[in-house]
Each structure stands twice: as C-alpha cells, then as structure tokens.
Amino acid sequence: MIGTALLAIGLVLIIEGLVYALAPSLVEQLLEALRQLPEGQRRTLGLISIAGGVALVWMAKALGA
C-alpha cells in the first residue's frame, strides 16, 4: 500500500515537473483561467479530479498493478 502511494506521488511529480519544464507559460495561462472560474466550479472540478483519480487507482489495482 505504501509502495503504491509512493509510486503515485512520484508519477504526479514527474508529470507536473514535465509541464513546468516544457510549457511554463501554459501553466501561467491555466492558472489565470482557473482564477476566472467561480469557486463552486473550481470545487466541482476538484471533486471530479478526485473521483477520476480514485477510479484510475482502483482500475490499476484491479489489473494487478
């Protein structure tokens, strides 16, 4: 379980690092777009992201990862 959590955190850091390294101006544009969204929509987006992440982890575990 701890190994899976460390793997997940490591993968997130790799993906985010790549985005910041390869397209820093795109990150700034994305953050500005997020600032324009009302708080309720940002909260909904966060909850959808959590649900998607849980679903992906569940599927990976079901496939034996």
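It should be noted that the structure appears before, not after, this text.
So, here is what we can say about the structure in this document. In this text, all values refer to a predicted model and were calculated from it rather than measured experimentally. (Residues numbered from 1 in each chain as written. Predicted model: local features only at pLDDT ≥ 70, side-chain atom pairs only at ≥ 80, totals over all residues. Heavy atoms only, no water.)

**So, the environment of Ala62**
Relative to the assigned elements, Ala62 resides in helix α3 (residues 39-62). Along the chain, Ala62 and Pro24 lie 38 residues apart, while their C-alpha atoms are 35 Å from each other. (Helix = DSSP H or I, 4+ residues; strand = E, 2+ residues; numbered from the N terminus.)

**Focus on α3**
Taking 1.5 Å of rise per residue, 24 residues should cover 34 Å, and α3 covers 34 Å from first to last C-alpha, within 8% of that figure. Looking one or two places after α3, you find Gly64, whose phi comes out positive at around 95°. (Expected span 1.5 Å × (residues − 1).)

**Some points on the layout of surface pockets**
Taken as a whole, the largest pocket holds about 340 Å³ of empty space. In terms of lining, the largest pocket is formed by 13 residues, of which the most central are Thr4, Leu7, Ala8, Val57 and Ala60. At the level of elements, α1 (2-22) and α3 are the ones that each hand at least two residues to the lining of the largest pocket. In terms of residues, the lining of the largest pocket owes the most to one element, α1, which gives 6 residues. Class assignment for the residues of the lining of the largest pocket results in 10 nonpolar, 2 polar and 1 charged. Each pocket or cavity is described by its volume, and for the second largest pocket that value is around 170 Å³. In terms of lining, the second largest pocket is formed by Glu16, Val19, Tyr20, Leu26, Val27, Leu30, Leu31 and Leu34. By residue number, the principal contributor to the lining of the second largest pocket is helix α2 (residues 24-36), which donates 5 residues. Across the lining of the second largest pocket, the residue classes break down as 7 nonpolar, no polar and 1 charged. (1 Å grid on protein atoms, 1.4 Å probe; cavity = no way out; pocket = protein on both sides within 12 Å on 5 of 7 lines; lining within 4 Å. Points joined across faces, edges and corners; volume = space filled by probe spheres on them. Nonpolar A, V, L, I, M, F, W, Y, C, P; charged D, E, K, R; others polar.)

**Quick notes on the pattern of salt bridges**
Taken as a whole and judged by the stated rule, the model has 2 salt bridges. Glu32 is paired through a salt bridge with Arg35; the nearest N and O atoms lie 3.0 Å apart. Of the two residues, Glu32 and Arg35 both sit in helix α2, 3 residues apart, roughly one turn of that helix. Residue classification places Glu32 among the partly exposed positions, given a relative accessible area of 37%. Two residues, Glu39 and Arg43, come together in a salt bridge whose shortest N-O distance is 2.5 Å. Highlighted residues: Glu39 and Arg43, both in helix α3, separated by 4 residues, approximately one helical turn. (Salt bridge = Lys/Arg side-chain N within 4 Å of Asp/Glu carboxyl O. Buried < 20%, exposed > 50% of the residue type's maximum accessible area, 1.4 Å probe, protein only.)

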